[in-house]
Amino acid sequence: MSARRGSARPRPGSPGPQPRRKGHPTVSKPPVVPRDSDGRSLTPGRLLTVALPAGRIRDEAIALFAQAGIDLSAADRAHAGRRLVIAIPEEGLRVLIVRDTDVPAYVEGGAADLGIAGRDVLEEQDRDLYEPLDLGIGRCRLAVAEPEDRPVDEAAHIHLRYATKFPEITRRHLQARGTVAEVIKLYGSVEIAPLVGLADRIVDLVSSGETLRQHRLREVETILEVSAWLCVGRAAAKLMAGPIDDLVARLGRVVGGKRR
Ligand code: PRP
């Protein structure tokens, strides 16, 4: 298991928050641009690029940034419309709206300096990223479920099939448990797989539990507690260390949560 997974240890070179100096109250809303000690921009014209997942997380992230004094409302659905690249120079930021599972690729590839991605997506893809802050939004869990009326007898040594959008996490989980099973990768509507005979169990995200209830599935166990994390690219952590540290510190004060 890599240090990334489930570990609270700081990673080498991980961007951490800058210490707050006593007697220097935080300015309420400075733009997130790197500056030298004389206040000159270190990367003139360079906006910090943030990959935001489309959907509910985008709304929650915008609300969280607002609490940190960073106005991303230009990137909300009402304002942005169909635009997917939104420059917000007043905040020193540029926002990319991308599919949630694509956020790590944009960040690892350097197209975005940082992004917001679910713990589920990060664990599944296991990319080379820093993950400095749990934002505590988009909470749900990744769970194993099976039909209420056809519980699996794990001791029966039958050929078990697990359907999921998260094959890597599922394989690791089964391996850790010493369970031999087939993992079937799906891209959606996972809940119907056991109902129509494609799989014995599913591994899927559960929030309210309503989807499972509607399909007469019961949760067997939780594999992973999920929330959205800030992820940072390796190159960006060096080139844009100042503004990234500042952003992590500001968001960290709002969420007051786990840091890596
Ligand atoms: C997730 C998950 C379930 C549902 C669970 O799907 O795959 O279908 O949410 O939520 P509930 O416990 O509140 O019913 P999502 O809405 O993310 O859509 P997707 O399958 O297209 O990814």
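Before reading further, recall that the structure is shown in the block above.
The structure displayed is predicted, hence computed values, not measured ones. (Residues numbered from 1 in each chain as written. Predicted model: local features only at pLDDT ≥ 70, side-chain atom pairs only at ≥ 80, totals over all residues. Heavy atoms only, no water.)

1. Side note on the overall build of the chain
Filter applied, for reference: Numbering of helices and strands runs from the N terminus; a helix is a DSSP stretch of H or I covering at least four residues, while a strand is a stretch of E covering at least two. A simple rule labels every residue: compare its accessible area, found with a 1.4 Å probe on the protein chains alone, to the largest value its type can have, and call it buried under 20%, exposed over 50%, or partly exposed in between. When checking whether two residues touch, look at their non-hydrogen atoms; a contact exists if any pair is within 4.5 Å.
In terms of helices and strands, the chain carries eight helices and eleven strands. By residue count, 46% of the 260 residues in the chain fall in the buried class. Residue pairs at least 24 apart in sequence account for 69% of intrachain contacts in the chain once pairs closer than 6 positions are excluded.

2. Overview of the packing of aromatic side chains
Heads up, the rule is: Pairing of aromatic rings covers Phe, Tyr and the six-membered ring of Trp, with a centre-to-centre limit of 6.5 Å; geometry is then stacked below 30 degrees between planes, edge-to-face above 60, and tilted otherwise. Geometrically, a lysine NZ or arginine CZ counts as sitting over a ring once it is within 6 Å of the ring centre and also within 35 degrees of the ring normal.
Within this structure, the stated rule accounts for zero aromatic pairs. The residue whose ring lies beneath Arg 119 is Trp 229, and the NZ or CZ to ring-centre distance is 4.8 Å. The ring centre of Tyr 130 lies 4.1 Å from the NZ or CZ of Arg 234, which sits over that ring.

3. Thoughts on the site of the ligand
For clarity, the threshold we go by: Working definition: residue near molecule or strand if any one of its non-hydrogen atoms lies within 4 Å of it. Here a polar contact is taken to be a pair of N or O atoms separated by no more than 3.5 Å, where protein atoms must pair a possible hydrogen donor with a possible acceptor and residues adjacent in sequence count only if both atoms sit in side chains. Just so you know the grouping, Ala, Val, Leu, Ile, Met, Phe, Trp, Tyr, Cys and Pro go in nonpolar, Asp, Glu, Lys and Arg go in charged, and all remaining residues, Gly too, go in polar.
Taken together, the neighbourhood of the ligand is formed by Lys 165, Glu 191, Asp 204, Leu 205, Val 206, Ser 207, Ser 208, Gly 209, Glu 210 and Thr 211. The side chain of Glu 191 places a nitrogen or oxygen atom 2.5 Å from an oxygen atom of the ligand. In this structure, Gly 209 approaches the ligand through a main-chain N or O atom, which is 2.8 Å from an oxygen atom. When residues of the shell around the ligand are traced back to their parent elements, those giving at least two are β9 (201–206) and α6 (210–214). Considering every element that reaches the shell around the ligand, the biggest residue donor is β9, with three residues. When its residues are assigned to classes, the shell around the ligand shows two nonpolar, four polar and four charged.

4. Quick word on the nonpolar core
What counts here: To qualify as a nonpolar core, a set must consist of buried Ala, Val, Leu, Ile, Met, Phe, Trp, Tyr and Cys residues joined through side-chain atoms within 4.5 Å.
Among the nonpolar cores identified, the biggest contains 34 residues, and Leu 52, Leu 72, Ile 116, Leu 135, Leu 230 and Leu 251 are the most heavily contacted of them. With five residues, the single largest contributor to this core is helix α1 (residues 56–67). When residues no more than four places from it in sequence are discounted, the contact partners of Leu 135 are Leu 64, Ile 116, Ala 228, Trp 229, Leu 230, Leu 251 and Val 255. Residues Val 144, Leu 160, Val 183 and Val 226 belong to the second largest nonpolar core, which totals 13 residues.

5. Overview of the pairing of strand β5 (residues 130–134)
Basically, it comes down to this: Only strands joined by at least two bridges in the DSSP assignment are considered to pair.
Counting buried residues along β5, five of its five residues qualify, which places the element largely inside the surrounding structure. Where β5 lies against strand β11 (residues 228–232), three bridges are found, and the strand directions are antiparallel. Its bridge partner lying in β11, Asp 134 is registered against Trp 229.

6. Focus: the sheet that holds strand β4 (residues 114–118)
We count it as follows: Simply put, an axis is a line fit to the C-alpha atoms, just over the touching stretch for a helix, and the angle between two N-to-C directions goes from 0 to 180 degrees.
If you trace the six strands from one edge of the open sheet to the other, you get β2-β3-β1-β4-β11-β5, paired in mixed fashion. Only two strands of the sheet have a single partner each, and these edge strands are β2 (85–88) and β5. Across the sheet, the mean angle from the axis of one strand to that of its neighbour is 25 degrees, orientation sign disregarded. With two bridges connecting them, strand β1 (residues 48–53) and β4 associate as parallel partners. Across the sheet, the residue bridging to Ala 51 is Gly 115, located in β4. Taken strand by strand, α1 contacts β1, β3 (93–98), β4 and β11, and its axis lies near 135 degrees from that of β1. Its contacts with the sheet put helix α8 (residues 241–255) on β1, β4, β5 and β11, and the angle it makes with β5 is roughly 30 degrees.

Honestly, that's just the spatial picture; any functional story needs more than this.
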